[in-house]
Amino acid sequence: MNKWMYDCIEEAPSACKRIMKNRESLLNELVELYLSKDYSKVLIVASGSSFNIANCAKYAMEDNLKKRVETVNSITFAKYDYAYHKDAFVLCLSQSGRSTNTIAAVETAKQMNYTTAVVSMIPNSPIARYCDNAYIYGSFDEGKDVFVARGLPTSTLFLILFSIEAGLKAGILSKEVYKTKIKELDSMIDLMINVRSSADKWYDLNKKDFYSMKRAMVCGIGVSYGVANEGALKIEETIGIPSNVYELEEFLHGPTYEVKKDNAIFLIDIDQRSHDRVLTIYKAMHELTDRVYLLTFSNEINGDKVLNINADPNSLFNPLLFVIPFQILASRVCDDLNIRAVTIYNHRSSQLLKTKTD
């Protein structure tokens, strides 16, 4: 059965619950591999949405493992940034398991004699042929899978759970802290349905402006930067309009001079550390355009363009919730306007560029 993006958005909470239930069998071997040596850091190698997944999980993983977690794009690692990662645990991610760039990165990591593991959504995917340590996220379902919608929250959850389970077994996390974190994740998964409902209402209030936006500019920082990257990517690759991602403060150093009245600015207010600055920027951006949208954990500001998400401002797990509005926006604009960004020209160029293996 073919599935559309919105179908997979709806399936994400149940897929997350399945991963939570099966976390021991899904993660045990990967955790044991990680604990087999005292690694200097975790290096996550990925491209596209998988790279965004890595950045969504990064800060939670560092908190649970008490180790540096670095992220690098697959082809950058394969050709340039491969040499100076002594004693790193290299984790290569590919949702489909068919990314030629990530497969190239796996081969480079093996040549450097790094301990390397791969994770994909599909069992027995092509990337598994290139690495002895191959694992699955546990979120795959039969039928035509839409990685862009179910993959981000489920795969981010997998990485966070990996760090929690490894943290417990390494003695970094006490049993009490472990139970608290698992309970927090369970509660967050339950919240996903409410966030989807709120995002649908937010979309309905603003859909006419979403239909006519000529450019999207998405801003995040720290915990929200992976969400911002995924939000911009989803808008660009589905609706087919220019969409850029910016680190919150870097947005003010040049990009703001480009803003036009038909541009949309999305600001992600995901945690307490950057909260006051996000609100200051939100108010200032109205001098440039009326299309300023705020996704926030706070109730300090309300309005049609503000989506208030009931999230803990101190949680490092919030990307699981804050990515949902961007998925809703991208999916519903395409459905409403019958947009298919993949044209015959995109198809021809992708065949020439060959970024996916068979």
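Notes on the structure in this doc start here.

What counts as what
Residues numbered from 1 in each chain as written. Predicted model: local features only at pLDDT ≥ 70, side-chain atom pairs only at ≥ 80, totals over all residues. Heavy atoms only, no water. Buried < 20%, exposed > 50% of the residue type's maximum accessible area, 1.4 Å probe, protein only. Helix = DSSP H or I, 4+ residues; strand = E, 2+ residues; numbered from the N terminus. Pairing = 2+ DSSP bridges. Axes fitted to C-alpha atoms, helices over the stretch in contact; angles between N-to-C directions. Parallel < 35°, antiparallel > 145°, perpendicular 65-115°, else oblique. Left-handed = near helix turned anticlockwise from the far one by under 90°. Contact = heavy atoms within 4.5 Å.

Before going further, it helps to spend a moment on the pairing of strand β9 (residues 292-296). Burial of β9 is extensive: five of the five residues sit out of reach of the surface. Residues Val292, Leu294 and Thr296 of β9 are buried on one face, and the alternating residues Tyr293 and Leu295, pointing to the opposite face, are buried as well. Of the pairings in the sheet, the one linking strand β8 (residues 263-269) to β9 comprises five bridges and is parallel in character. The partner of leucine 267 across the bridge, within β9, is leucine 294. Here β9 runs beside strand β10 (residues 306-308); their pairing, made up of three bridges, is parallel. Pairing of threonine 296 across the sheet is with asparagine 308, part of β10.

This next bit is on the packing of helix α1 (residues 5-21) against helix α11 (residues 324-337). Any two packed helices are characterised by how steeply their axes cross, that is the angle between the axes, and by the distance between the axes. Orientation of α1 relative to α11, taken along the N-to-C sense of each, is 155°, at an axis distance of 9 Å. Regarding the angle of α1 to α11, the classification is roughly antiparallel. Here the hand of the crossing between α1 and α11 comes out left-handed. Each of Met5, Tyr6 and Ile9 in α1 lies in contact with α11, whose residues at this interface are Gln327, Ile328, Ala330, Ser331 and Arg332.

With that settled, the discussion passes to the sheet that holds strand β4 (residues 115-120). Strand order across the open sheet formed by five strands is β2-β1-β3-β4-β5, with parallel pairing between neighbours. Whereas interior strands pair on both sides, the edge strands pair on one side only; in this sheet they are β2 (68-73) and β5 (134-136). Ignoring strand direction, the axes of neighbouring strands in this sheet form an average angle of 25°. Bridging between strand β1 (residues 41-46) and β2 involves six bridges; their strand directions are parallel. Its bridge partner lying in β2, leucine 43 is registered against glutamate 70. Each of β1, β2 and β3 (88-94) touches helix α3 (residues 49-65); the most contacted strand, β2, lies at about 170° to it.

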